[in-house]
Amino acid sequence: MSDRSSTSDRRGDLPAAPEAPDARDGADGAAPSPEPAVPGADELRIWAPRGLPEVQPGDDLVALLVAILDDDGRARPDRVLRDGDVLVLTSKVVSKAEGRVVAAEDREQAITDETVRVVATREHVGGVTRIVENRLGLVMAAAGVDASNTPQGTVLLLPTDPDASARAVRAGIAAAFGVRVGVLVTDTAGRPWRDGVTDITIGAAGFAVLDDLRGGSDSFGRPLTMTVTAVADEVAAAAELVKGKVGGRPLAVVRGLEAQVTDDDGPGARALVRLGEQDMFRQGSAEAYAQGWKDALDSRPPSDPESTDPA
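The present account deals with the structure reproduced in this document. (Residues numbered from 1 in each chain as written. Predicted model: local features only at pLDDT ≥ 70, side-chain atom pairs only at ≥ 80, totals over all residues. Heavy atoms only, no water.)

1. Observations regarding the overall build of the protein
Definition in use: Helix and strand labels come from DSSP, where a helix needs a run of H or I of at least four residues and a strand needs a run of E of at least two; each type is numbered from the N terminus. Each residue's exposure class comes from its accessible area (1.4 Å probe, protein chains only) as a fraction of the maximum for that residue type: buried when under 20%, exposed when over 50%, partly exposed otherwise. Residue contacts follow a heavy-atom distance rule, with two residues in contact if any of their heavy atoms lie within 4.5 Å. For the area figures, the Shrake-Rupley method with a 1.4 Å probe applies, and any residue is considered shielded solely by the protein chains shown.
Looking only at helices and strands, the protein features 6 helices and 12 strands. Counting all 311 residues of the protein, 35% fall into the buried class. Considering only intrachain contacts with a sequence separation of at least 6, the fraction spanning at least 24 residues in the protein is 66%. Here the protein displays about 19,000 Å² of accessible surface, and carbon together with sulfur accounts for 53% of that area.

2. So, unusual backbone geometry
For Asn 149, which is not glycine, the phi dihedral falls at a positive 55°. Along the chain, the position of Asn 149 falls in the loop between strand 6 (139-141) and strand 7 (154-156). The phi torsion at Trp 193 lies on the positive side, around 75°, for a residue other than glycine. Counting through the fold element by element, Trp 193 comes out in the loop between strand 8 (182-191) and strand 9 (194-205). Look at Trp 193 and you get exposed, because its relative accessible area is 72%.

3. Digging into helix 4 (residues 162-177)
The condition that has to hold: In this analysis, the expected span of each helix is defined as 1.5 Å times one less than the number of residues it contains.
With 16 residues, helix 4 extends 22 Å from end C-alpha to end C-alpha; this agrees with the ideal 22 Å at 1.5 Å per step. Buried within helix 4 we find Pro 162, Asp 163, Ser 165, Ala 166, Val 169, Arg 170, Gly 172 and Ile 173. Lining the buried residues of helix 4 we find helix 1 (61-75), strand 2 (86-90), helix 2 (91-97), strand 8 and strand 9. Immediately downstream of helix 4, the backbone of Gly 178 shows phi near 70°, a positive value.

4. So, the packing of helix 1 against helix 4
Defined as follows: Interaxial angles span 0 to 180 degrees and are taken between N-to-C directions of axes, which are lines fitted to C-alpha atoms, for helices over the stretch in contact. Put simply, angles under 35 degrees are roughly parallel, angles over 145 are roughly antiparallel, angles from 65 to 115 are roughly perpendicular, and the rest are oblique. In this scheme the handedness of a crossing depends on how the near helix is turned from the far one: anticlockwise by less than a right angle means left-handed, clockwise means right-handed. Each residue gets one of three labels, nonpolar for Ala, Val, Leu, Ile, Met, Phe, Trp, Tyr, Cys and Pro, charged for Asp, Glu, Lys and Arg, and polar for the others, Gly among them.
With their axes 10 Å apart at the nearest point, helix 1 and helix 4 run at an angle of 45° to one another. For the element pair helix 1 / helix 4, the angle class is oblique. Handedness of the crossing formed by helix 1 with helix 4: right-handed. From helix 1, Val 62, Leu 65, Val 66, Leu 69 and Asp 70 reach across to helix 4, where they touch Ala 168, Val 169, Gly 172, Ile 173, Ala 176 and Phe 177. Split into classes, the residues belonging to the contact of helix 1 with helix 4 amount to 9 nonpolar, 1 polar and 1 charged.

5. A word on the sheet that holds strand 5 (residues 127-134)
The following threshold applies: Any two strands with at least two DSSP-identified bridges between them are counted as paired.
Across the sheet, 3 strands lie side by side as 4-5-6; this open sheet has antiparallel pairing. Each end of this open sheet is capped by a strand with a single partner; those strands are strand 4 (115-124) and strand 6. Strand after strand, the sheet turns through a mean of 20° between neighbouring axes, direction not considered. Relative to strand 6, strand 5 runs antiparallel, the two being bridged by 3 bridges.

6. Quick word on empty space enclosed by the protein
Applicable threshold: Using protein atoms alone on a 1 Å grid, points that fit a 1.4 Å probe yet trap it form a cavity, whereas open point sets bounded by protein on both sides within 12 Å along at least five of seven lines form a pocket; residues with an atom within 4 Å of a point count as lining. Grid points are joined across faces, edges and corners, and a volume is the space filled by probe spheres set on the points.
Applying the stated criterion to the full structure yields 1 cavity of 30 Å³ or more. As a volume, the largest cavity reaches approximately 50 Å³. The wall of the largest cavity is formed by Ser 91, Lys 92, Ser 95, Gly 144, Asp 146, Leu 156, Leu 157, Leu 158 and Asp 187.

7. Here we look at the side chain of Thr 150
For Thr 150, the location among the structural elements is in the loop between strand 6 and strand 7. Judged by its relative accessible area of 14%, Thr 150 is buried. Apart from the residues within four sequence positions on either side, Thr 150 is in contact with Val 101, Val 155 and Leu 156.

8. A closer look at the sheet that holds strand 1 (residues 45-47)
Overall, mixed pairing links the 5 strands, which are arranged 1-12-2-8-9 in an open sheet. Each edge of the sheet is formed by a strand with only one pairing partner; in this case those strands are strand 1 and strand 9. Recorded for the sheet is a direction-independent mean angle of 30° between the axes of neighbouring strands. Relative to strand 12 (residues 251-255), strand 2 runs antiparallel, the two being bridged by 4 bridges. Considered in strand 12, the bridge of Leu 89 is made with Leu 251. Helix 5 (residues 231-243) contacts strand 1, strand 2, strand 8, strand 9 and strand 12 of the sheet and is inclined by roughly 110° relative to strand 9.

9. A look at the pairing of strand 2
Counting buried residues along strand 2, 4 of its 5 residues qualify, which places the element largely inside the surrounding structure. The sheet contact formed by strand 2 and strand 8 spans 5 bridges and is parallel. Across the sheet, Leu 87 pairs through a bridge with Val 183, a residue of strand 8.

Worth remembering: the numbers are spatial, not functional.
As structure tokens, this is what we get:
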């Protein structure tokens, strides 16, 4: 999916391949097939521009992004920003520019400060892992507090309002290039039932983060009653394939999702957060068991105060 160099410069001595038939025509030159009834991207292009310097607190992040995007477009005219492109930006550089770097000997106190609710805690050989709900409503390991790629003795907190950060970047890009783009701010998170981490969207502007297919039909005509696709998270994960974790390229451009880019900023990534009664996994398994045992003991009949049997 990423942009790769062409090898055509090494084939100059080969005969030209026959021209492929127009995919819109039938095999025998018949009338073209009708367009799919459901619009959507059938081809994506993703690239990660080089050249963003180390971001420091107080830096004008929009100006830095405009500079590398302008340089990238001059070097590669096919990469000049256009309407419908999506910029996918790692939250770490947003946090640095917004001064979300805090002094800490270790990140445990920072995690505690950013925690709204503990979901699960597990001790292991390397220490303790806390899965918590943070101030943004995101359920993540360590509340999203990051001790990597930041000076010794400091940690990075997530942006205070990633949706507002995305809106600011979108406005700055529109002013500089005169194009209507979507902007996603992403971070890395684990997933229940799955090993490994992936990138998710924590801030968004000008992008329809969910694709609600309920009320439509599948390819067999069956009604769709549950399907809501987290498009923004899919894009975040795809963009990370070209950005990488250690490559020093925190920005990716995605082309081919024009239908998801909106005129207004939209509700942002907050629409992706599932909280309250919609959250089916508010506690870890051990925590849920302990809570159930406590509730049972608390509800025992007052006539038997010595009983420890919740039944």
